[in-house]
Amino acid sequence: MPADTTNRTPRFAKGRPPDDGGDGVITEDSALASRVSGALPDGEAEIELRGVSKRFSARKRETLALTDIELGIRKQEFVTLLGQSGCGKTTMLRILAGLTQPSAGEVTIGGRPLWRGDHRDDEALRKLGLVFQDANLFPWYTVEENIALPLLLRKVDKAERRRRAHELGELVGLQGFEKALPRELSGGMRQRVAIARALSYNPEILLMDEPFGALDAITRDKMNLELQRIAEATKATVVFVTHAIGEAVFLADRVVLLSARPGRIRSITQVDAPRPRSLEVTTEPGFQENVLELRRQLTEDEERLGRNGGVSE
Ligand SMILES: Nc1ncnc2c1ncn2[C@@H]1O[C@H](COP(=O)(O)OP(=O)(O)OP(=O)(O)O)[C@@H](O)[C@H]1O
Ligand SMILES: [Mg+2]
């Protein structure tokens, strides 16, 4: 298994440069065709994608959404997946969540293969909590009932459901709103309910697909600060999809940048700033360097495709 290919410097590290094809010359073609391995040394990864590709066939159209993804994620690591629209971020997260079966390659969670043939391993799935862009709450259930819904499905008794909903409501800053209905909440509060719901059965791994994409900038900053605290308190491993570069760097231990279709790992950036991070970190030169370098790589891809890929600061 290849060694960890990320760079490490004391605080912020630069994005990993593209492979040079062995001849030391980085041409635009070799840079764009480069593929970085994010595999970790044996035994280090809690989550592993090995040689993962996904091809969709729909109405005579074939789309190679992801190709040859090699990525290991450590226990309690916070990894952000960054890339322009359509590069395969959601596909990769759905593959990790067991919702989409890869066309090739293997996914393991806690050392267990997620798929055996066409059968998903339910034991591995139990470790996962999912949060999507849309909170997807049940409008006729209260905050408390929405948070505890996965526990109801797992036949946990009422007293324990209430206790847990209360505890999680506090963790995500919703105390006092336990009896409110989703329509009485702001967008940010609804996303907090979705996060609390995903945490209700103590998942070891939290998979989040642009959970704050629909929020205004100030609420989003606040949610990012809260999410750091929640990840720390729950000791969860987090995989977080975003197309906002600043958000990706702020939250991450490692930023995995996907190239435009077909999605490959374009670079991996180690972010070593200590936690918890305050928003002041975003003004540090190291942070800005990371953002600029990632933007440069994304722009290169956009130019290749001749379009704006919908990536924001
Ligand atoms: N179920 C599907 N059937 C056919 N093609 C699909 C399916 N899901 C995704 N794709 C295709 O795979 C590619 C990657 O899609 P994906 O949703 O993973 O992108 P994304 O990076 O999450 O984009 P965005 O930032 O817009 O959410 C796209 O070209 C998309 O059209
Ligand atoms: Mg998506």
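Everything below is about the structure shown above.
Quantities reported herein were computed from a predicted structural model and do not represent experimental measurements.

Engineer: I would appreciate a short explanation of the overall build of the chain in the present structure.
Structural biologist: Of the regular secondary structure elements, the chain holds nine helices and twelve strands. By the burial criterion, 53% of the 313 residues in the chain qualify as buried. For the chain, contacts bridging at least 24 residues in sequence account for 72% of all contacts bridging at least 6. When the accessible surface of the chain is totalled, it reaches about 14,600 Å², and 50% of it is carbon and sulfur.

Engineer: Looking at this structure, I do not really get the pairing of strand S11 (residues 254–258). What am I missing?
Structural biologist: Here is the key point about a regular strand: its side chains alternate between the two faces of the sheet. The element S11 is largely enclosed, with a buried count of five among its five residues. Residues Arg 254, Val 256 and Leu 258 point to one face of S11 and Val 255 and Leu 257 to the other, with burial holding for every one of them. Pairing analysis gives four bridges linking strand S3 (residues 78–82) to S11, with the strands arranged parallel. Directly across from Leu 82, in S11, lies its bridge partner Leu 257.

Engineer: Help me understand the nonpolar core, please; the structure alone is not making it clear to me.
Structural biologist: Buried together is how nonpolar side chains tend to be arranged in soluble globular proteins. Counting residues in hydrophobic clusters, the biggest one holds 47 residues, and the most contacted among them are Leu 82, Ile 195, Met 208, Val 238, Phe 240 and Val 255. Broken down by element, this core gets its largest block of residues, seven residues, from helix H6 (residues 187–199). Each residue touching Met 208, except ones within four places of it in the same chain, is listed here: Leu 93, Val 131, Ile 195, Leu 227, Val 238, Val 239, Phe 240 and Val 241. Counting residues in each nonpolar core, the second largest holds 31 residues, with Ile 73, Leu 93, Leu 114 and Trp 115 among its members.

Engineer: Sorry, what's going on with the sheet that holds strand S9 (residues 205–209) here?
Structural biologist: Strand pairs in the sheet, formed through backbone hydrogen bonds, run parallel or antiparallel to each other. Strand order in the open sheet formed by six strands is S8-S9-S10-S3-S11-S12, with mixed pairing between adjacent strands. Since the sheet does not close on itself, it has two edges, and those belong to strand S8 (128–131) and strand S12 (265–270), each with one partner. The mean inter-strand angle of the sheet, taken between neighbouring strand axes irrespective of direction, is 15°.

Engineer: Which parts of the structure should I look at to understand the packing of aromatic side chains?
Structural biologist: Remark: the centre distance and the inter-plane angle together describe each pair of aromatic rings, the angle taken between the planes. With the rule as written, the count across this model stands at five aromatic pairs. Ring geometry for Phe 138 and Trp 140: centres 5.5 Å apart, planes at 65°, overall edge-to-face. Residue Phe 138 is classed as partly exposed on the basis of its relative accessible area, which comes to 32%. Their ring planes at 75° and their centres at 6.0 Å tell us that Trp 140 and Tyr 141 sit as a pair that is edge-to-face.

Engineer: Would you mind going over the packing of helix H4 (residues 143–153) against helix H5 (residues 158–171) with me for this structure?
Structural biologist: Each pair of packed helices gets described by two things: the angle between the helix axes and the distance between those axes. Orientation of H4 relative to H5, taken along the N-to-C sense of each, is 125°, at an axis distance of 9 Å. Looking at the two axes, H4 sits oblique to H5. The two elements H4 and H5 meet at a crossing, and its hand is right-handed. Residues Glu 144, Ile 147, Ala 148, Leu 151 and Leu 152 of H4 touch H5, and the partners they reach there are Arg 161, Arg 162, Arg 164, Ala 165, Leu 168 and Gly 169. Residues of the contact of H4 with H5, tallied by class, amount to six nonpolar, one polar and four charged.

Engineer: Before we go on, may I ask you to explain the side chain of Ser 37 in this structure?
Structural biologist: Along the chain, the position of Ser 37 falls in the loop between helix H1 (28–33) and strand S1 (47–58). Among the polar contacts made by the side chain of Ser 37, one reaches the main-chain amide nitrogen of Ala 39 at a distance of 3.2 Å.

Engineer: Whenever I open this one, helix H2 (residues 89–96) confuses me. Can you help?
Structural biologist: Count 3.6 residues to each turn of an α-helix, and residues three or four apart come out pointing the same way. Extensive coverage of H2 is indicated by the burial of six of its eight residues. Of the positions making up H2, those classed as buried are Lys 89, Thr 91, Met 92, Leu 93, Ile 95 and Leu 96. Just beyond H2, the residue with positive phi is Gly 98, at close to 75°.

Engineer: What is the right way to read the pattern of salt bridges from this model?
Structural biologist: Pairing between side chains of opposite charge can happen when the charged atoms of each approach one another. Inspection of every chain in the model, using the stated rule, returns 24 salt bridges. Ionic pairing is found between Arg 229 and Glu 226, a salt bridge with its closest N-O pair at 3.2 Å. Note that Arg 229 and Glu 226 are positioned in helix H7 (residues 217–234) at a spacing of three residues, about one turn of the helix. Between Asp 301 and Arg 266 there is a salt bridge, with the nearest N and O atoms lying 3.7 Å from each other.

About the criteria used
- Residues numbered from 1 in each chain as written.
- Chains lettered and ligands numbered in written order.
- Predicted model: local features only at pLDDT ≥ 70, side-chain atom pairs only at ≥ 80, totals over all residues.
- Heavy atoms only, no water.
- Helix = DSSP H or I, 4+ residues; strand = E, 2+ residues; numbered from the N terminus.
- Buried < 20%, exposed > 50% of the residue type's maximum accessible area, 1.4 Å probe, protein only.
- Contact = heavy atoms within 4.5 Å.
- Areas by Shrake-Rupley, 256 points an atom, 1.4 Å probe, with all protein chains shown as cover.
- Pairing = 2+ DSSP bridges.
- Core = buried A, V, L, I, M, F, W, Y, C linked by side-chain atoms within 4.5 Å.
- Axes fitted to C-alpha atoms, helices over the stretch in contact; angles between N-to-C directions.
- Phe/Tyr/Trp six-rings, centres within 6.5 Å; stacked < 30°, edge-to-face > 60°.
- Parallel < 35°, antiparallel > 145°, perpendicular 65-115°, else oblique.
- Left-handed = near helix turned anticlockwise from the far one by under 90°.
- Nonpolar A, V, L, I, M, F, W, Y, C, P; charged D, E, K, R; others polar.
- Polar contact = N/O pair within 3.5 Å; in protein donor to acceptor, adjacent residues only side chain to side chain.
- Salt bridge = Lys/Arg side-chain N within 4 Å of Asp/Glu carboxyl O.

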